[in-house]
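Structure at a glance
Take a look at the letters that make up each chain.
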Amino acid sequence: MEQILQITNLSKHYGALKAVDDVSFTIEKGHVYGILGPNGSGKSTTLGMVLNVVNPTSGDYQWFGGGVSNHDALKRIGAIIERPNFYPSMDAVQNLKLVCKIKNITTDKINEKLELVGLLSRKHSPFKTYSLGMKQRLAIASALLNDPEILILDEPTNGLDPQGIRAIRDLIQHISSNGTTILLASHLLDEVEKVCSHVIVLRQGNMLYSGPVDEMNSTHGTILIDASDRGGLKYFISQQSYAGSIEELVDGFEVMLLSDIDTAQVNKDAVQAGIYLNKLLLKKQSLEDQFIELTNNQPQAS
Ligand SMILES: Nc1ncnc2c1ncn2[C@@H]1O[C@H](COP(=O)(O)OP(=O)(O)OP(=O)(O)O)[C@@H](O)[C@H]1O
């Protein structure tokens, strides 16, 4: 599989706040990836780092298999990470011509992209007359003008009505079916399940899960585990085949399970490794349940 982006141990700390903490994942060509997490979980910061607008505290990322400068990589990427911003009195074509000028690319793709996003018939209407959904679709057309290999969208359906949401989701699937890789950030599990083939789940800067969407529901819950020797315990857990992501909390490590475990056996193995557990709690909640619980009090997009 052709690699589009590889992120390795990427972190962004603002003082004591770990906006993104030790996140690693890979994006391969042809899939639709979602970064899923509640508000403040580090989605935009992650996108900002790989788009070279936020400086990482540590870690690394590599575009297109490496050997490509950031400057050249950005020419192969289409991204919308802010609210669509065009000149209000100018129409779609005039605005897109300006984008072509700024990006130093030809204007011959304008009609094709306007047709793709369903705005061809409104191409001579001033931007200020567009609905929010149309504005977002124009932004997508603008990001596609250079035929990027990957399209990056931050909360693409935020603030849209149900029809607008549907139009954007259909559009994303259509763009993906033409071979463009897509990476989108969303706080809506439902959106990611409907649109994405792969998902990276973030919570408070930590990655809880990375993998195919349809395998997300088949997680085996988590354990909360602790010992006075935290360093030794972390090493011990990382060696266990059942351990997925490991997150250090105040009261121990929360470990996502990749398979079912026998807690007595875990305890025995720990003792054999010289680790004396003072906590081992099995939580059978699936990742989906955890996510819903986490986001229950979050405002919805529409
Ligand atoms: N420039 C900054 N200075 C200080 N803290 C920041 C800065 N940018 C982001 N943060 C903090 O980092 C954390 C992650 O923010 P981020 O915007 O990446 O989250 P998000 O998942 O994209 O959330 P949202 O959907 O609300 O934008 C938050 O706690 C946020 O307050």
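This structure is a prediction, so every number in the text was calculated from the model and none was measured.

1. Describing the overall build of the chain
- From N to C terminus, the chain includes 11 helices and 13 strands.
- In terms of overall dimensions, the chain has C-alpha extents of about 70 × 40 × 35 Å along its principal axes.
- Taken over 302 residues, the chain has a buried fraction of 36%.
- Contacts in the chain between residues far apart in sequence, at least 24 positions, make up 71% of those at least 6 positions apart.

2. Quick look at the site of the ligand
- Neighbouring the ligand are Tyr14, Leu17, Ala19, Gly37, Asn39, Gly40, Ser41, Gly42, Lys43, Ser44, Thr45 and His187.
- Looking at the shell around the ligand, the elements that each hand over two or more residues are β2 (17-28) and α1 (43-50).
- At three residues, the largest contribution of residues to the shell around the ligand is made by α1.
- Tallied by class, residues from the shell around the ligand come to three nonpolar, eight polar and one charged.

3. A look at the packing of helix α5 (residues 132-144) against helix α6 (residues 162-177)
- At their nearest, the axes of α5 and α6 sit 9 Å apart, and the two run at 15° to each other. Comparing their axes, α6 and α5 come out roughly parallel. In terms of crossing hand, the pair formed by α5 and α6 is right-handed. Touching Leu132, Gly133, Gln136, Arg137 and Ile140 of α5 are Gly164, Ala167, Ile168 and Leu171, all from α6.
- The class makeup of the residues in the contact of α5 with α6 is five nonpolar, three polar and one charged.

4. Side note on the domain arrangement of the chain
- Domain parsing of the chain yields domain 1 (3-76 + 149-214), domain 2 (92-142) and domain 3 (220-285).
- Here domain 1 and domain 3 have C-alpha centroids that lie 29 Å from each other.

5. Regarding the sheet that holds strand β4 (residues 58-63)
- Overall, antiparallel pairing links the three strands, which are arranged β2-β1-β4 in an open sheet. A strand with exactly one partner marks an edge of an open sheet, and here the two such strands are β2 and β4. Taking each pair of neighbouring strands and ignoring which way they run, the sheet shows an average axis angle of 15°.
- When strand β1 (residues 3-14) meets β4, the two strands line up antiparallel, connected through five bridges. From the neighbouring strand, Ser11 faces β4, where its bridge partner is Ser58.
- Lying over the sheet, α1 contacts β1, β2 and β4, oriented at roughly 120° with respect to β1.

6. Concerning the pairing of strand β10 (residues 222-227)
- Of the pairings in the sheet, the one linking β10 to strand β12 (residues 252-257) comprises four bridges and is antiparallel in character. The residue bridging Ile223 from the neighbouring strand is Val255, located in β12.
- Pairing of β10 with strand β13 (residues 277-283) involves six bridges; the strand directions are antiparallel. Looking across to β13, one finds that Asp226 is bridged to Lys279.

Conventions used here
- Residues numbered from 1 in each chain as written.
- Predicted model: local features only at pLDDT ≥ 70, side-chain atom pairs only at ≥ 80, totals over all residues.
- Helix = DSSP H or I, 4+ residues; strand = E, 2+ residues; numbered from the N terminus.
- Buried ≥ 20, exposed ≤ 12 C-beta atoms within 10 Å, placed from the backbone.
- Contact = placed C-beta atoms within 7 Å.
- Near = placed C-beta within 6 Å.
- Nonpolar A, V, L, I, M, F, W, Y, C, P; charged D, E, K, R; others polar.
- Axes fitted to C-alpha atoms, helices over the stretch in contact; angles between N-to-C directions.
- Parallel < 35°, antiparallel > 145°, perpendicular 65-115°, else oblique.
- Left-handed = near helix turned anticlockwise from the far one by under 90°.
- Domains from an automatic or database assignment.
- Pairing = 2+ DSSP bridges.

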